[in-house]
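# Structural characterization, general
What follows is each chain in one-letter form.
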Amino acid sequence: MKNLIQITIIVTIGMFLHSYGYTQESTAKIIINDSLKSAIDLEGVIIIGDSTSSKTEDFKSVEGQRTDEIIEDLQGVNIIRRGNYAAEPTFRGMSSGQLSMTIDGMKIFGACTDKMDPVSSYVSSNNLESITVSSNNNHACQGSNIGGGFDFQTKQAQFNSHKEISGSAGIGYQTNGNGRLADFNVNYGDSAWALNLNANYQKFDNYKAGGGQTIKYTQFEKVNFALSSNWMPSNTEILKAQFIYDDAYNVGYPALPMDVSFAGGRIYSLSYKKYFTNSTLFLKAYGNNITHIMDDTKREFVPMHMDMPGKSDTYGVFAKSEFNIGERHQILINPDYYYNVSFADMKMYPNDPNRPEEPVMYMITWPDVRRHSGSLLIQDRFTINSQTELKYSGKIEYVTSKIFSEFGIQQLEVIGKDGNIPSTYILGNGNAVLTYQMNKSTQLFGQIGYAERQPTVSEGFGYYLFNSMDGYDYIGIPDLRKETALKTSIGFNWQKDKTVLETKIYHYQFQDYIIGIVDSTYDGMTIGSNGVKVYENIPSASISGFEVKLNTTLFKTVRFQNQTQFTYGIDHQNNPLQMIPPLQNASKFGYSYKQVKIQLEAVIAAMQNNPRIDAGETTTPSYGIINISGQAPIKLLQQSTSISVSINNLFDSNYWDHLDWNSIPRPGRSFIVNLRMRF
Ligand SMILES: [Cu+2]
């Protein structure tokens, strides 16, 4: 009832405010994901079909927003929260192994057996240039997977910038959680050299949920530096070097039994691009080293203290060559190789005063799994006629993984598995998108694809990984079959003047869907666990849904955006799949006059009464929240300065999303103030 009243209030206020507020520009259809292009050519990458992209200027309505808050705004995207930091992005009810996540095309695999460190946690919001979310895994040189992927494009150093040295610095404060934020960016660019340094710092204490209850273990501290440098040795060549340094300390995870004392990422790359008359060649070599240390020393009532470090090292190289065959075919060839090492272990310290002789116990949870992957993608963008275009692609990937820890192999023998045999998969992926420009304002598209993925390191090799959502220890199986899916989507875009309407319907039909199934022949190892689940292939599953987005102008001065999304997922026995978001609607009203901007946002989520009970899910009530923000220029020290003030969760609602693990309430009302100076 309370929720119904709130929703009514939200809608009423929304209608009333038709005559005020706004900021969001229409979604960028063109992503200039290579900022250097402007120095040479102006043509961007055009995303065709079933994808969403967002440029920084579009989503950054509020200064000081965090990366996961930005991601959550994207169409088809929801986030899984286990705490206040590093939420895990999902796309249409698919997560982790079903999606690929890359930063500037680089493959990165988190080092946490509990998914506390999704790839997005290693990019800071002020270093983000754009995010592309695509249902077609082939477009952006990503790994084989089912659901598509996210690519996070970072800021690049700009040549010939309007000033040789330019940049910005900002500080912010958030009342709820005592959040302190600071960031800094400086760019140097002449005609041949460019350098960009970006820094970001955040520190939060525990936040309060709506109503005032303090949510313990929601604190975190994070620092991120990114350096990118570009050099143009000639008019047609660019050489880039990039380094990202990211450290997080003392990160609480209230939905899990453990926190993180340290999570660190070192991400580096070198790339080369050459423009020819009718083609381009791009080469990139990269590496990243991710360290993750979980501990429970800050928790009360720990029956057995544990140390759980993990690491993931990835090295890769890929090439992309684009060229034209005749007038109608634009070909992309993309060979790709990467190597990943994943290792995680745990030490358990018994502290039963009656049994002081109990020794420290040791276990390896990711047994030094070394994975090699090589793939080749070929794509043709075929212009059939002036109205119709067909983009089709095929990708083949060979991937092999082997355990290198003797101890890990012995552990598997205990449960009757031979860990000496490498697990090898040949993965085939194919995709076709047909777009038809019906008339000046209407574009239709239809997409069909077939996709295969290998099991993740946890699904294939995890050993007694505790899942605090359902309370089971999970065991991976090295000889799981690959998961496959047939996927289709259709939709249309309609655009006239400043109004854009985008609609999509999609369906994914899985075979050999990978999921944990209770196996009562094993006993749980974690104290208090419900038992053991083993990863298995179930015969089938499906996910379907729709997305609608409207962007328009009301009363000439107010920008209005409305996004609706719905996902429905079931397994072969018609039981609901886990982590499926309910119907959601988000509206934004924005008003801007000169440099003053005001925005009102209303988010409504329906109840989710279709939980997967055996995954530990419960029904989730509906909720509605309102956020308000405003930004204005001020004069300070003769510099261009702006101040922004926001109120998040205006009515202090006590709510949580269906995808928030163990129903931990999200933050209540919070005031945020941010001061930014540009030079
Ligand atoms: Cu972790």
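Right above here is the structure, for reference.
Residues numbered from 1 in each chain as written. Predicted model: local features only at pLDDT ≥ 70, side-chain atom pairs only at ≥ 80, totals over all residues. Heavy atoms only, no water.

With that out of the way, let us pick up the coordination of the copper ion. Taken together, the protein ligands of the copper ion are Cys 112 (SG), Met 116 (SD), His 292 (NE2) and Met 294 (SD), with distances of 2.1 to 2.6 Å. Taken together, the four donor atoms surrounding the copper ion define angles of 92 to 123° at the centre, an arrangement classified as tetrahedral. (Donors = N, O, S within 2.8 Å, 3.2 Å for Na, K, Ca; no water. Tetrahedral: all angles 85-135°; square planar, octahedral: opposite > 155°, others 65-115°.)

Turning next to the environment of Met 363. Here Met 363 shows up in strand β19 (residues 361-383). Residue classification places Met 363 among the buried residues on the basis of a relative accessible area of 5%. For the pair Met 363 and Ala 344, spaced 19 residues apart in sequence, the C-alpha separation works out to 8.9 Å. Among all residues touching Met 363, those that are not within four sequence positions of it are Asp 345, Met 346, Met 348, Phe 407, Gln 411, Tyr 463, Tyr 464 and Met 525. (Helix = DSSP H or I, 4+ residues; strand = E, 2+ residues; numbered from the N terminus. Buried < 20%, exposed > 50% of the residue type's maximum accessible area, 1.4 Å probe, protein only. Contact = heavy atoms within 4.5 Å.)

Relative to the helices and strands, Asp 183 is located in strand β11 (residues 179-189). For Asp 183, the side chain forms a polar contact with the side chain of Arg 676, separated by 2.9 Å. Excluding residues within four positions of it along the chain, Asp 183 makes contact with Asn 126, Ser 168, Ala 169, Gly 170, Ala 199, Asn 200 and Arg 676. (Polar contact = N/O pair within 3.5 Å; in protein donor to acceptor, adjacent residues only side chain to side chain.)

We now examine the packing of aromatic side chains. What the rule picks out here adds up to 19 aromatic pairs. Relative to Phe 220, the ring of Tyr 85 lies with its centre 5.0 Å away and its plane at 35°, an arrangement referred to as tilted. With Tyr 85 in the loop between β4 (77-80) and β5 (88-91) and Phe 220 in strand β13 (residues 220-234), the pair connects residues that are 135 residues apart, well separated along the chain. Owing to a relative accessible area of 1%, Phe 220 belongs among the buried residues under this scheme. Plain terms: the ring middles of Phe 150 and Phe 152 are 6.1 Å apart, the flat faces sit at 10° to each other, and that makes the pair stacked. Look at Phe 152 and you get buried, because its relative accessible area is 0%. Each residue in the set Tyr 506, Tyr 508, Phe 510 and Tyr 513 is aromatic and connected to the rest through ring pairs, giving one cluster. Lying over the aromatic face of Tyr 245, Arg 266 brings its terminal NZ or CZ to 3.8 Å of the ring centre. (Phe/Tyr/Trp six-rings, centres within 6.5 Å; stacked < 30°, edge-to-face > 60°. Lys NZ or Arg CZ within 6 Å of the ring centre and 35° of its normal.)

What follows concerns a nonpolar patch on the surface. A cluster of nonpolar side chains, contributed by Phe 184, Leu 195, Leu 197, Leu 227 and Phe 243, occupies part of the molecular surface with about 390 Å² of accessible area. Turning to its location among the elements, Leu 227 is positioned in strand β13. The exposure class assigned to Leu 227 is partly exposed, which follows from its relative accessible area of 39%. (Patch = residues over 30% accessible without salt bridge, like charges linked within 9 Å, V, L, I, M, F, W, Y side chains within 5 Å. Areas by Shrake-Rupley, 256 points an atom, 1.4 Å probe, with all protein chains shown as cover. Salt bridge = Lys/Arg side-chain N within 4 Å of Asp/Glu carboxyl O.)

So, on to empty space enclosed by the protein. A full pass over the atoms with the stated rule returns 13 cavities of 30 Å³ or more. Taken as a whole, the second largest cavity holds about 860 Å³ of empty space. Lining the second largest cavity are 42 residues; nearest its centre among them are Glu 69, Glu 72, Glu 601, Ile 625 and Asn 627. Within the residue set of the lining of the second largest cavity, elements represented by two or more residues are α4 (67-72), β4, β28 (558-571), β29 (584-593), β30 (596-605), β31 (623-636), β32 (639-648) and β33 (670-678). When residues in the lining of the second largest cavity are grouped by element, the largest group, five residues, is from β31. Classifying every residue of the lining of the second largest cavity by side-chain character gives 13 nonpolar, 20 polar and nine charged. (1 Å grid on protein atoms, 1.4 Å probe; cavity = no way out; pocket = protein on both sides within 12 Å on 5 of 7 lines; lining within 4 Å. Points joined across faces, edges and corners; volume = space filled by probe spheres on them. Nonpolar A, V, L, I, M, F, W, Y, C, P; charged D, E, K, R; others polar.)

The analysis is restricted to geometry; functional conclusions fall outside its scope.
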